[in-house]
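Below are the chains, spelled out letter by letter.
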Amino acid sequence: MYDLISRYETTLNSKAEHFEEVLESIRFMYNCRHLSETGLFRKEDVNDAVGRAMLVCQLNGIDSRHHFKIVYVFNEADSSVTTDWCMTRQGLSLVIMNAPAPNLAIAKWQWQMAN
């Protein structure tokens, strides 16, 4: 019989990293589903609005990664991969403000944000 000693690395940061991930998931609580509720449906319109919102961050010296992150979603039914945007509340607001030619629903959201 042999005594087996396995060496594996324990990282001191693992709990801290996990905690940071939890905090990040709380901050990034909005996604494209929320944008569709505002009337922003088309993927191209969403991507354009997110791009302009990220530019607003950049011009203000803010790292857009603090407000936007792209997520890849696997659909098991048809084995496809789609993208989704996760955003903070400020990120969501910037995207709505930078939405293309507004329809009635987007216009109402933009007006609420202005008040």
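Residues numbered from 1 in each chain as written. Predicted model: local features only at pLDDT ≥ 70, side-chain atom pairs only at ≥ 80, totals over all residues. Heavy atoms only, no water.

## Digging into the packing of aromatic side chains
Summed over the entire model, instances satisfying the criterion amount to zero aromatic pairs. Directly above the ring of F28 sits K69, whose terminal nitrogen or CZ lies 5.2 Å from the centroid. (Phe/Tyr/Trp six-rings, centres within 6.5 Å; stacked < 30°, edge-to-face > 60°. Lys NZ or Arg CZ within 6 Å of the ring centre and 35° of its normal.)

## Describing helix α4 (residues 89-97)
Listed in full, the buried residues belonging to α4 are G91, L92, S93, L94, V95 and I96. Along its buried surface, α4 packs onto α2 (32-37), α3 (43-59), β1 (68-75), β2 (80-87) and α5 (104-114). (Buried < 20%, exposed > 50% of the residue type's maximum accessible area, 1.4 Å probe, protein only. Helix = DSSP H or I, 4+ residues; strand = E, 2+ residues; numbered from the N terminus. Contact = heavy atoms within 4.5 Å.)

## Description of the confidence of the model for the chain
Confidence in the prediction for the chain averages 85 pLDDT; 88% of positions are at 70 or higher. The least confident element of the chain is helix α1 (residues 14-27), whose mean pLDDT is 74; the most confident is α3, at 95. Every residue in residues 1-6 is under pLDDT 50, and counting partners more than four places away or in other chains gives zero contacts. (pLDDT = per-residue confidence, 0-100.)

## Some thoughts on the pattern of salt bridges
Summed over the entire model, instances satisfying the criterion amount to four salt bridges. Taking the shortest distance from any N to any O, the salt bridge between E37 and R33 comes out at 3.3 Å. Linking E37 with R33, this pair stays in helix α2, spanning four residues, or about one helical turn. Under the relative-accessibility criterion, R33 is labelled partly exposed at 48%. (Salt bridge = Lys/Arg side-chain N within 4 Å of Asp/Glu carboxyl O.)

## Considering the pairing of β1
One ladder, built from eight bridges, connects β1 with β2; its direction is antiparallel. Pairing of V73 across the sheet is with T82, part of β2. Where β1 folds back onto β2 in an antiparallel hairpin, the turn is made up of four residues, including S79, whose phi is positive at roughly 55 degrees. (Pairing = 2+ DSSP bridges.)

## A short note on the packing of α4 against α5
Contact pair α4 / α5: the axes reach a minimum separation of 9 Å and the direction vectors enclose 125 degrees. It follows from the interaxial angle that α4 and α5 lie oblique. Where α4 crosses over α5, the two elements pack in a sense that is left-handed. Where α4 approaches α5, its residues S93, I96 and M97 are matched on the opposing element by I106, W109, Q110 and M113. Along the lines of polarity and charge, the residues of the contact of α4 with α5 split into five nonpolar, two polar and no charged. (Axes fitted to C-alpha atoms, helices over the stretch in contact; angles between N-to-C directions. Parallel < 35°, antiparallel > 145°, perpendicular 65-115°, else oblique. Left-handed = near helix turned anticlockwise from the far one by under 90°. Nonpolar A, V, L, I, M, F, W, Y, C, P; charged D, E, K, R; others polar.)

## Quick word on a nonpolar patch on the surface
Together, F19, V22, L23 and I26 make up an exposed nonpolar region whose accessible area comes to about 370 Å². Tracing the sequence through the fold places F19 in helix α1. (Patch = residues over 30% accessible without salt bridge, like charges linked within 9 Å, V, L, I, M, F, W, Y side chains within 5 Å. Areas by Shrake-Rupley, 256 points an atom, 1.4 Å probe, with all protein chains shown as cover.)

## Concerning the environment of V95
Here V95 lies in helix α4. The exposure class of V95 is buried, given its relative accessible area of 0%. With 50 residues separating them along the chain, V95 and D45 place their C-alpha atoms 9.9 Å apart. Those residues in contact with V95 that sit more than four places away from it in its chain are L35, L40, A49, V50, A53, F68 and M87.

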